[in-house]
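The chain contents come next:
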Amino acid sequence: MTTTPDTITAPAPTPDADQRAFELLARCRPAWTGMTTVREVLGEDRLLLHAGPPFSDPVTIPAPVLNSLALACVFEGWADGIEEGRRLVVSGEVPVGAAQDHDIVVPLAGAVSPSMALHVVHDLGPSDTDTDTATATGSRRVRYAVLNEGQEYALRLGTADLRIVAHHSWLNGAFAEELTAALAAALEAGPVELYPLMSAALAEGDECHSRTLAGSRLVAARLREPASGSASPGPGLSERSTAFLDGAGAFALNLWMAAASLTLGAAEGVADATLITRAGGNGREFGVQLAGAPGRWFTAPATPPRGPVEPAHEGRRALGAVGDSAVVDVLGFGGQALEYAPAVRAALGEHLPEDAADRPARLLARPFAAGTGPGAPCASGGAGKYIGTSAARITAAGTGPMVLLGMIEETGTHGRIGGGVFDTPVSLFQEAAAG
């Protein structure tokens, strides 16, 4: 008999705890509210962050992630070249930590450094003391995401290309300044709530992780909407910035990552709850955190995603699962939303698990509150998106969430070699559920 969400329940003694955790998650209303910098958020001048759980020793950092951290040292002016940057990281002279431990998300093998710009995503939903209606400031919970770098010069690809440094100087300088002004003007027309945009993107064939073309176009269009009472759009972007934004098909992904992280985090601190609140890979290990054990990473070896390797890279191997974008899939998008994205499903083909079509219904717990998020009817008239899962549900189902990830070449020489699916091991969630 096929197991359905209605027949999967959390084992005693925690059903009430998980139910409470899901209720908190379902009230979240993520909104893009501004821009800031890593330095302003952390108050640190010499710290680098990476995706996934922390490394036990910097000497274990895989080549692609080390390349990105080294280039971040060059970007910050701490190193004259990539070799010196690598030495600073491996020696521990520049501290390195997990981005999610600081409420920041970063994709793939990317790096976060003090001078980088961040998207600011707040929860406009009601706080625990204001359960009737959402307020302008909501619960005041916040998450941050680095800017999407475009397709060419990107730290997230893990190559040792010094041209990335010059690109980041522009991206986190002139472009970030223009984006900040454009967002401020867009906010005059009202909050830039992210779930309505994600819902519309689902209706246009995105699953909001591997494919974000529609979402990126919708975000760019929202930035160009006229302010309230005005017939003309706000401050425009320069020709270079406009071309970059229009060509960055994954620009929305970083916002979706922050929205997912914020939503999952709503349940943090619910005693005994097994809801998954944080998830990501660092190339060596894949880790998750549970609502009832905030700050504690449960980890398992990060195996490479399975997927088609591009012809130019035939014979090359992918690094183990890497990136904080796993939070998107754990929430219920990406690998749990392939029914919305037939092109992605077809591209992955035989690399998908045999039960890929049935798995989301077995893992995802409940819809969002009506009218605020993916639980509301999609733009296409669909029935709505179920979200959220827990270690207890995963253990009962005997299968874990699917995570769609870029496949980064393991030596740090060739960047992205394809796109695939990381089938999260059930044993990881069994261990987490057992505490």
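Here, every reference points to the structure presented above.
Residues numbered from 1 in each chain as written. Predicted model: local features only at pLDDT ≥ 70, side-chain atom pairs only at ≥ 80, totals over all residues. Heavy atoms only, no water.

With that settled, consider the layout of surface pockets. The calculated volume of the largest pocket comes to roughly 690 Å³. Contributing elements (two or more residues each) for the lining of the largest pocket: helix 9 (251-265), helix 11 (342-348), strand 15 (402-408) and strand 16 (416-423). Broken down by element, the lining of the largest pocket gets its largest block of residues, four residues, from strand 16. Considering only residue class, the lining of the largest pocket consists of 13 nonpolar, twelve polar and four charged. (1 Å grid on protein atoms, 1.4 Å probe; cavity = no way out; pocket = protein on both sides within 12 Å on 5 of 7 lines; lining within 4 Å. Points joined across faces, edges and corners; volume = space filled by probe spheres on them. Helix = DSSP H or I, 4+ residues; strand = E, 2+ residues; numbered from the N terminus. Nonpolar A, V, L, I, M, F, W, Y, C, P; charged D, E, K, R; others polar.)

The strand order across the open sheet formed by three strands is 3-2-5, and the pairing between neighbours is mixed. The two strands at the open ends of the sheet, each matched to only one other strand, are strand 3 (96-98) and strand 5 (111-112). Here helix 3 (residues 63-76) sits on the sheet in contact with strand 2 (48-50), strand 3 and strand 5, set at roughly 155° to strand 2. (Pairing = 2+ DSSP bridges. Contact = heavy atoms within 4.5 Å. Axes fitted to C-alpha atoms, helices over the stretch in contact; angles between N-to-C directions.)

As a general feature of sheets, a regular strand has side chains that alternate between the two faces. The buried fraction of strand 9 (residues 276-282) is high, at seven of seven residues. Across five bridges, strand 9 lies against strand 10 (residues 285-290) in antiparallel orientation. Within the sheet, the bridge partner assigned to Ile276 lies in strand 10 and is Leu290. In this antiparallel pair of consecutive strands, strand 9 and strand 10, the connection spans two residues, and Gly283 shows a positive phi of 95°. (Buried < 20%, exposed > 50% of the residue type's maximum accessible area, 1.4 Å probe, protein only.)

On the basis of which strands lie adjacent, the open sheet formed by five strands has the order 4-7-6-1-8 and mixed pairing. Only two strands of the sheet have a single neighbouring strand rather than two, namely strand 4 (104-105) and strand 8 (192-193). In this sheet, strand 8 lies alongside strand 1 (residues 30-37) in antiparallel orientation, the contact comprising two bridges. Residue pairing across strands places Ala31 opposite Glu193, the latter belonging to strand 8. Packed onto the sheet, helix 5 (residues 163-187) meets strand 1, strand 6 (117-123) and strand 8 and runs at close to 145° relative to strand 1.

Summed over all chains, the structure comprises 20 salt bridges. Between Glu76 and Arg39 there is a salt bridge, with its nearest N and O atoms 3.9 Å apart. Of the two residues, Glu76 sits in helix 3 while Arg39 sits in helix 2 (residues 38-42), which places them 37 residues apart along the sequence. When salt bridges that share partners are traced, they join Asp103, Arg143, Glu268 and Arg278 into one network. (Salt bridge = Lys/Arg side-chain N within 4 Å of Asp/Glu carboxyl O.)

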